[in-house]
Amino acid sequence: MRVKEYVCTEKIEQPTALSQRCSLLMANNLNPYVDPEEVIYDFLIRTKDDPSALNICLNGRCKIFIESLRSGSMPFMESEPVYLTEYKGHYWVDEGKHRICCAKRLKIKEVEAYVYHSDDDGYLLLDPIGVPGTFTAKSTCTINNNSWHVSGDVFFLWYCVTEGLRKFDLDFIWFDAKNDTQGIERKITHGITYSTKVVKHKGTHIETKICIEPTHPKAKIWLVKIPSIKLLKKSTSSVLDGCTHVYRHGLWRRYHLYKLEKILGGPSLTENPLEIC
């Protein structure tokens, strides 16, 4: 059930799904259907105090919104109400994204909206982690007295595809023995490369290097280092326990974290250590 309330504008997350009708985005050659949401979000935050940006909005399709908001009323509240979802003081726009965007640029303290109070934390943004660089993971699998011994770590990369037919899809890569490049560097996407070298000598030894350059796309990138032993089905604790989140960039949310645990705890688990390393 939604309740009609006055909400502090600063507590509402900047909406990015403004469609191609946004004059400000169009004037700056940006398109939510072409550019990653991180690019849109970064631009809107950078220009939120720019008078020239507000002037573009005022001379575009948002003029009627701005004039109404300046007069003290939320436009079209009767016919097209503004809908928000709230969780513990955080608000997200369901309907009325252009009007909320205008209200934030006008520095209006409170806006009228119908609010749904949720107990789901899934849309909370996760903090970024780390800085670009070169990262290394090593894993070893040996057998001794008919018993397998697994040590070290493997990398898992989750990222947004920014090129081709699958643009904006989230894809992931396990860097195990199946991704052996014999140490030759391979490109994943612009600004991200990797190399994997597998050595078979008294067991299996694998070393992976991943290079994430500062010039990588402004899109979702999440690199996790996982203890190899965690990928065995006999492990009783959460797959994420003991993992190191090496690098995280972009608008990842809490529900992505829950999905990540399902991915890592799903088909990736095995009873055969050789499938890991």
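Residues numbered from 1 in each chain as written. Predicted model: local features only at pLDDT ≥ 70, side-chain atom pairs only at ≥ 80, totals over all residues. Heavy atoms only, no water.

## Focus on the sheet that holds strand 1 (residues 2-8)
Okay, step 1: Within the open sheet, the four strands sit side by side as 1-4-2-3. Their pairing is mixed. Every interior strand has two partners, whereas the edge strands, strand 1 and strand 3 (90-95), have only one. Ignoring strand direction, the axes of neighbouring strands in this sheet form an average angle of 45 degrees.
Okay, step 2: Here seven bridges tie strand 1 to strand 4 (residues 110-117), and the two strands are oriented antiparallel to one another. By the bridge assignment for strand 4, Lys4 is matched with Tyr114.
Okay, step 3: Across the face of the sheet, helix 5 (residues 97-105) comes into contact with strand 3 and strand 4 while running at roughly 135 degrees to strand 3. (Pairing = 2+ DSSP bridges. Helix = DSSP H or I, 4+ residues; strand = E, 2+ residues; numbered from the N terminus. Axes fitted to C-alpha atoms, helices over the stretch in contact; angles between N-to-C directions. Contact = heavy atoms within 4.5 Å.)

## Notes on empty space enclosed by the protein
Okay, step 1: A full pass over the atoms with the stated rule returns one cavity of 30 Å³ or more.
Okay, step 2: Roughly 80 Å³ of internal volume is contained in the largest cavity.
Okay, step 3: Every residue along the wall of the largest cavity is listed here: Leu18, Cys22, Ser23, Leu24, Cys57, Cys62, His98, Cys101, Cys102 and Arg105.
Okay, step 4: Taken together, the elements giving at least two residues each to the lining of the largest cavity come down to helix 1 (23-27) and helix 5.
Okay, step 5: Tallied by class, residues from the lining of the largest cavity come to seven nonpolar, two polar and one charged. (1 Å grid on protein atoms, 1.4 Å probe; cavity = no way out; pocket = protein on both sides within 12 Å on 5 of 7 lines; lining within 4 Å. Points joined across faces, edges and corners; volume = space filled by probe spheres on them. Nonpolar A, V, L, I, M, F, W, Y, C, P; charged D, E, K, R; others polar.)

## Re unusual backbone geometry
Okay, step 1: In this model, Asn29 sits at a positive phi of 55 degrees, which is unusual for a non-glycine residue.
Okay, step 2: Assignment of secondary structure puts Asn29 in the loop between helix 1 and helix 2 (37-46).
Okay, step 3: For Phe168, which is not glycine, the phi torsion reads 80 degrees and is therefore positive.
Okay, step 4: Mapping Phe168 onto the fold places it in the loop between strand 6 (147-160) and strand 7 (170-175).
Okay, step 5: Judged by its relative accessible area of 31%, Phe168 falls in the partly exposed class. (Buried < 20%, exposed > 50% of the residue type's maximum accessible area, 1.4 Å probe, protein only.)

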